[in-house]
Amino acid sequence: MLKISNLVKRYGHGEPVLKGLDLEVPGNSVVAIIGASGAGKSTLLRCINRLVEPTSGTIALNDIVLSDLKGRELRAARRRIGMIFQSFNLVDRLTVMENVQSGRLGYLPFWRAASRRYPKRDIRRAYELMERVGIAHYANKRADELSGGERQRVGVVRALMQEPEILLADEPTASLDPKTSEQIMELLRSLSAEFALPVLINIHNVAEARLYTDRIVGMRYGKIMFDAEPSRLDKAAMDEIYAGLPAEERGEEETPAPSLQVSAA
Ligand SMILES: Nc1ncnc2c1ncn2[C@@H]1O[C@H](COP(=O)(O)OP(=O)(O)OP(=O)(O)O)[C@@H](O)[C@H]1O
Ligand SMILES: [Mg+2]
């Protein structure tokens, strides 16, 4: 369970970018975070893994208060937070296996990681997870020889190798074609259920968010304007989240047809 209370983030002396957010996300629940560019979605995810220092408020993951941790304790807690990126963040010239094993870096003594002598247990686990997401046959291929969807699967396996207690994904499908996007969203949803993981996904594509998540959080100017199941995201709610923005910048051309929502059930 992720529990965020009264989170404030101010960069420099300007107006806060996050203005007192409260959010609870239990395990095996997939939450989409939507909102216009600049709403604070990435800042929120970065505060959770402490790439960005919160100005005030608390963030707790399974009763460990992340926002209080420093030094060694912070590094240990960060291992438990799996990150998935829009641009995949793989090392191109390394193999899929080597990229995936970098998820274990925080756990291994330096000499093992540097010499790429991974423990047998980690190799076995990597194969299980690669099998699970359909990339085991690419284990020895270089990362830059894979398609976007395959690269994102490598990113997902690397995150799972951390034995995470939460997955944070910042626009994980924004660089992928529509069909591949849907496959990755479906994968994240099924992994959330399988590993009882809370999953937070920043996403621009509202139609995808509706189809593949249990809950939508709508942000505007650093505040949560909407927090409910996708079927409740009606036109009035969309207007509140995206007030003043034209339809093409709202992440959907128009409200999806009811049939789309039914197929998600
Ligand atoms: N390191 C930083 N220093 C100063 N201001 C920042 C920094 N990072 C983000 N901001 C500002 O904080 C606000 C929120 O940015 P953030 O990246 O969280 O938005 P976002 O909702 O993820 O937007 P997008 O949809 O474009 O990714 C923006 O006004 C941005 O300019
Ligand atoms: Mg962002």
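Residues numbered from 1 in each chain as written. Chains lettered and ligands numbered in written order. Predicted model: local features only at pLDDT ≥ 70, side-chain atom pairs only at ≥ 80, totals over all residues. Heavy atoms only, no water.

Section: the pairing of strand β3 (residues 30–34)
Alright, step 1. In terms of burial, β3 is largely enclosed, as 5 of its 5 residues are buried.
Alright, step 2. Neither face of β3 is open: one carries V30, A32 and I34, the other V31 and I33, and all of them are buried.
Alright, step 3. The pairing of β3 with strand β8 (residues 199–202) spans 4 bridges and is parallel. Paired with I33 across the strands is N202, a residue of β8.
Alright, step 4. Summarising the sheet, β3 and strand β9 (residues 215–220) pair through 4 bridges and their orientation is parallel. The residue bridging I33 from the neighbouring strand is V217, located in β9. (Buried < 20%, exposed > 50% of the residue type's maximum accessible area, 1.4 Å probe, protein only. Helix = DSSP H or I, 4+ residues; strand = E, 2+ residues; numbered from the N terminus. Pairing = 2+ DSSP bridges.)

So, the sheet that holds strand β2 (residues 18–25)
Alright, step 1. With antiparallel pairing, the 4 strands of this open sheet are ordered in space as β2-β1-β4-β5. Of all the strands in the sheet, just β2 and β5 (64–65) have a single pairing partner and so form its edges.
Alright, step 2. In the packing of helix α1 (residues 41–48) onto the sheet, contacts are made with β1 (2–9), β2 and β4 (56–61), and the angle to β1 comes to roughly 120°. (Contact = heavy atoms within 4.5 Å. Axes fitted to C-alpha atoms, helices over the stretch in contact; angles between N-to-C directions.)

Some remarks on the site of ligand 1
Alright, step 1. In the region of ligand 1, the neighbouring residues are Y11, V17, A36, S37, G38, A39, G40, K41, S42, T43 and H204.
Alright, step 2. A distance of 3.3 Å separates a nitrogen atom of ligand 1 from a polar atom in the side chain of Y11.
Alright, step 3. In this structure, H204 approaches ligand 1 through a side-chain N or O atom, which is 3.1 Å from an oxygen atom.
Alright, step 4. Starting from 630 Å² of accessible surface for ligand 1 in isolation, the protein chains cover 57%.
Alright, step 5. A breakdown of the residues in the shell around ligand 1 according to their chemical character gives 4 nonpolar, 6 polar and 1 charged. (Near = heavy atom within 4 Å. Polar contact = N/O pair within 3.5 Å; in protein donor to acceptor, adjacent residues only side chain to side chain. Areas by Shrake-Rupley, 256 points an atom, 1.4 Å probe, with all protein chains shown as cover. Nonpolar A, V, L, I, M, F, W, Y, C, P; charged D, E, K, R; others polar.)

Some points on the sheet that holds strand β10 (residues 223–228)
Alright, step 1. Here we have 6 strands laid out as an open sheet, ordered β6-β7-β8-β3-β9-β10, and mixed in their pairing. Looking at the sheet topology across the chains shown, the edges are occupied by β6 (81–85) and β10. Taken over all neighbouring pairs, the strand axes of this sheet differ in orientation by 20° on average, direction set aside.

A few points about the packing of helix α5 (residues 120–133) against helix α7 (residues 178–195)
Alright, step 1. Between α5 and α7, the shortest axis-to-axis distance is 11 Å and the interhelical angle comes to 130°. Here α5 is positioned oblique relative to α7, judged by the angle of their axes. From α5, R125, L129, R132 and V133 reach across to α7, where they touch L187, S190, L191, E194 and F195.
Alright, step 2. Here the residues of the contact of α5 with α7 are counted per class, giving 5 nonpolar, 1 polar and 3 charged. (Parallel < 35°, antiparallel > 145°, perpendicular 65-115°, else oblique.)

Points about the side chain of S67
Alright, step 1. Counting through the fold element by element, S67 comes out in the loop between β5 and α2 (71–79).
Alright, step 2. At 2.9 Å, the side chain of S67 and the backbone nitrogen of I59 are in polar contact.
Alright, step 3. The residues contacting S67, other than those within four sequence positions of it, are R50, G57, T58 and I59.

A few points about the nonpolar core
Alright, step 1. Membership of the largest hydrophobic core comes to 50 residues, with the highest contact counts inside it found for I34, M130 and L233.
Alright, step 2. The biggest single contributor to this core is helix α6 (residues 148–161), with 6 residues.
Alright, step 3. Two domains each provide a minimum of three residues to this core, namely domain 1 (1–80 + 165–256) and domain 2 (89–163).
Alright, step 4. If we skip the residues at most four places from it in the chain, I34 touches K41, I203, V206, A209, I216, V217, G218, M219, L233, I241 and Y242.
Alright, step 5. L7, L45, C47 and A77 belong to the second-largest nonpolar core, a separate cluster that totals 28 residues. (Core = buried A, V, L, I, M, F, W, Y, C linked by side-chain atoms within 4.5 Å. Domains from an automatic or database assignment.)

Here we look at the domain arrangement of the protein chain
Alright, step 1. Taken domain by domain, the protein chain consists of domain 1 (1–80 + 165–256) and domain 2 (89–163).
Alright, step 2. Placing a centre on the C-alpha atoms of domain 1 and another on those of domain 2 gives a separation of 25 Å.
Alright, step 3. Opposite the 17 residues of domain 1 that make contact, domain 2 presents 15 residues.
Alright, step 4. The contact between domain 1 and domain 2 buries some 1,300 Å² in all, and 60% of this surface belongs to carbon and sulfur atoms.
Alright, step 5. Seen at the junction of domain 1 and domain 2, the total is 1 salt bridge.
Alright, step 6. Here domain 1 is connected to domain 2 by 6 residue pairs in polar contact (both at pLDDT 80 or more).
Alright, step 7. Elements that contribute at least two residues to the side of domain 1 that touches domain 2 include exactly α2 and α7.
Alright, step 8. When residues of the side of domain 1 that touches domain 2 are assigned to their parent elements, the largest contribution, 9 residues, is made by α7.
Alright, step 9. Class assignment for the residues of the side of domain 1 that touches domain 2 results in 9 nonpolar, 3 polar and 5 charged. (Buried area = accessible area lost by both parts, 1.4 Å probe. Salt bridge = Lys/Arg side-chain N within 4 Å of Asp/Glu carboxyl O.)

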